[in-house]
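Structure assessment
If you want the building blocks of each chain, they are given just below.
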Amino acid sequence: MTATKQQQKDIQDLLSTITNSLRAFSLKLTGNMNDAEDLYQDTALRIMTNAEKYNPGTNFKAWAVTIMRNIFINNYRKKVRRNLIIDQTPNNYYINSGNKTVLNDGESEVTFNELQELVDRLPDDFRVPFLMAYQGYKYDEIAEQLGSPLGTIKSRIFFARKKLQKMYEEVMRERSSVA
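Residues numbered from 1 in each chain as written. Predicted model: local features only at pLDDT ≥ 70, side-chain atom pairs only at ≥ 80, totals over all residues. Heavy atoms only, no water.

**Observations regarding the overall build of the protein chain**
- Along its length, the protein chain carries 7 helices and 0 strands.
- For the protein chain, the sequential pattern of α-helices and β-strands runs α-α-α-α-α-α-α.
- For the protein chain, buried positions account for 21% of its 179 residues.
- Here the analysis covers contacts within the protein chain between residues at least 6 apart in sequence; of these, 59% occur between residues at least 24 apart.
- Of the accessible surface of the protein chain, which amounts to about 13800 Å², a share of 52% is contributed by carbon and sulfur atoms. (Helix = DSSP H or I, 4+ residues; strand = E, 2+ residues; numbered from the N terminus. Buried < 20%, exposed > 50% of the residue type's maximum accessible area, 1.4 Å probe, protein only. Contact = heavy atoms within 4.5 Å. Areas by Shrake-Rupley, 256 points an atom, 1.4 Å probe, with all protein chains shown as cover.)

Below, the structure is given as structure tokens:
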């Protein structure tokens, strides 16, 4: 359903009455004039493209502010996700490494085997859901498969991780005291 020409004109008129408030709110959200202007423009575009969804007689400013806030939140989440994916650390490690690469999985294999032994020492109530999560199952899938409530599964996996951390710290403490 698209907005009629009259709806578009009405929305434009309403938008022009709150433009200054929206610009101020966008600046408050972003803290930067350029980002604030982008946010305002995105909001104005979204308002105009969704003009048919506005119910005349309701609070237009609240509707517009909600749209702006949602756009800001979505953009923020995208930015956080993008920053988590991109590793921005310099790769200086390989600068002087030469042409030959020697693969040595000895330390990582020992660590993996030690971790596997620690996981095997966990009680079944914690080990089974932890291993399922490690294998890529989602919490709700684990809960369904094990016939347990979702909250129980989440807490068991959480406590399994905490217990493994403590067990690993103990092993490292013992190893450093022996050396």
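**Digging into the packing of helix α5 (residues 124–134) against helix α7 (residues 150–178)**
- Packing of α5 against α7 leaves a shortest axis separation of 8 Å and a crossing angle of 95°. As judged from the angle between their axes, α5 and α7 are roughly perpendicular. Contacts between α5 and α7 involve Asp125, Phe126, Pro129, Phe130 and Ala133 from the first element and Ile153, Arg156, Ile157, Phe159, Ala160, Arg161 and Leu164 from the second.
- Taken together, the residues of the contact of α5 with α7 break down into 9 nonpolar, no polar and 3 charged. (Axes fitted to C-alpha atoms, helices over the stretch in contact; angles between N-to-C directions. Parallel < 35°, antiparallel > 145°, perpendicular 65-115°, else oblique. Nonpolar A, V, L, I, M, F, W, Y, C, P; charged D, E, K, R; others polar.)

**Re the nonpolar core**
- Counting residues in hydrophobic clusters, the biggest one holds 17 residues, and the most contacted among them are Ile11, Leu15, Ile18, Leu22, Tyr40, Ile47 and Phe60.
- Listed in part, the 7 residues of the second largest apolar core include Val119, Leu122, Phe130 and Ala160. (Core = buried A, V, L, I, M, F, W, Y, C linked by side-chain atoms within 4.5 Å.)

**Things to note about the pattern of salt bridges**
- The tally for this structure, following the rule as stated, stands at 3 salt bridges.
- Between aspartate 124 and arginine 127 there is a salt bridge; the shortest N-O distance is 2.1 Å. Taken as a pair, aspartate 124 and arginine 127 lie in helix α5 at a separation of 3 residues, close to a single helical turn.
- The exposure class assigned to aspartate 124 is partly exposed, which follows from its relative accessible area of 48%. (Salt bridge = Lys/Arg side-chain N within 4 Å of Asp/Glu carboxyl O.)

**Comments concerning helix α1 (residues 5–30)**
- Over its 26 residues, α1 extends only 33 Å from the first C-alpha to the last, a length that falls short of the 38 Å expected when each residue adds 1.5 Å.
- Of all the bends in α1, the greatest, near 60°, is centred on isoleucine 18.
- Looking one or two residues beyond α1, the residue adopting positive phi is glycine 31, at roughly 75°. (Expected span 1.5 Å × (residues − 1). Bend = angle between axes of the 7 residues up to and from the residue.)

**Quick look at the environment of isoleucine 67**
- Among the structural elements, isoleucine 67 can be located in helix α3 (residues 60–85).
- Since its relative accessible area comes to 12%, isoleucine 67 is described here as buried.
- Once the C-alpha coordinates of isoleucine 67 and arginine 46 are considered, the two residues, 21 residues apart in sequence, prove to be 7.7 Å apart.
- Apart from the residues within four sequence positions on either side, isoleucine 67 is in contact with Thr43, Arg46 and Ile47.

**Digging into the packing of aromatic side chains**
- Tallying each qualifying case throughout the model produces 4 aromatic pairs.
- Summarising the aromatic geometry, the rings of tyrosine 54 and tryptophan 63 are spaced 5.3 Å apart at their centres and angled 45° between planes, so their arrangement reads as tilted.
- Each ring, one from phenylalanine 158 and one from phenylalanine 159, has its centre 5.4 Å from the other, and the planes form 70°; the classification is edge-to-face.
- On the basis of relative accessibility, which here comes to 46%, the residue phenylalanine 159 falls in the partly exposed class.
- Ring-pair connections join several aromatic residues into one group, and the members of that group are Tyr54, Phe60 and Trp63.
- Taking the ring centre of tyrosine 40 as reference, the NZ or CZ of arginine 23 above it sits at 4.1 Å. (Phe/Tyr/Trp six-rings, centres within 6.5 Å; stacked < 30°, edge-to-face > 60°. Lys NZ or Arg CZ within 6 Å of the ring centre and 35° of its normal.)

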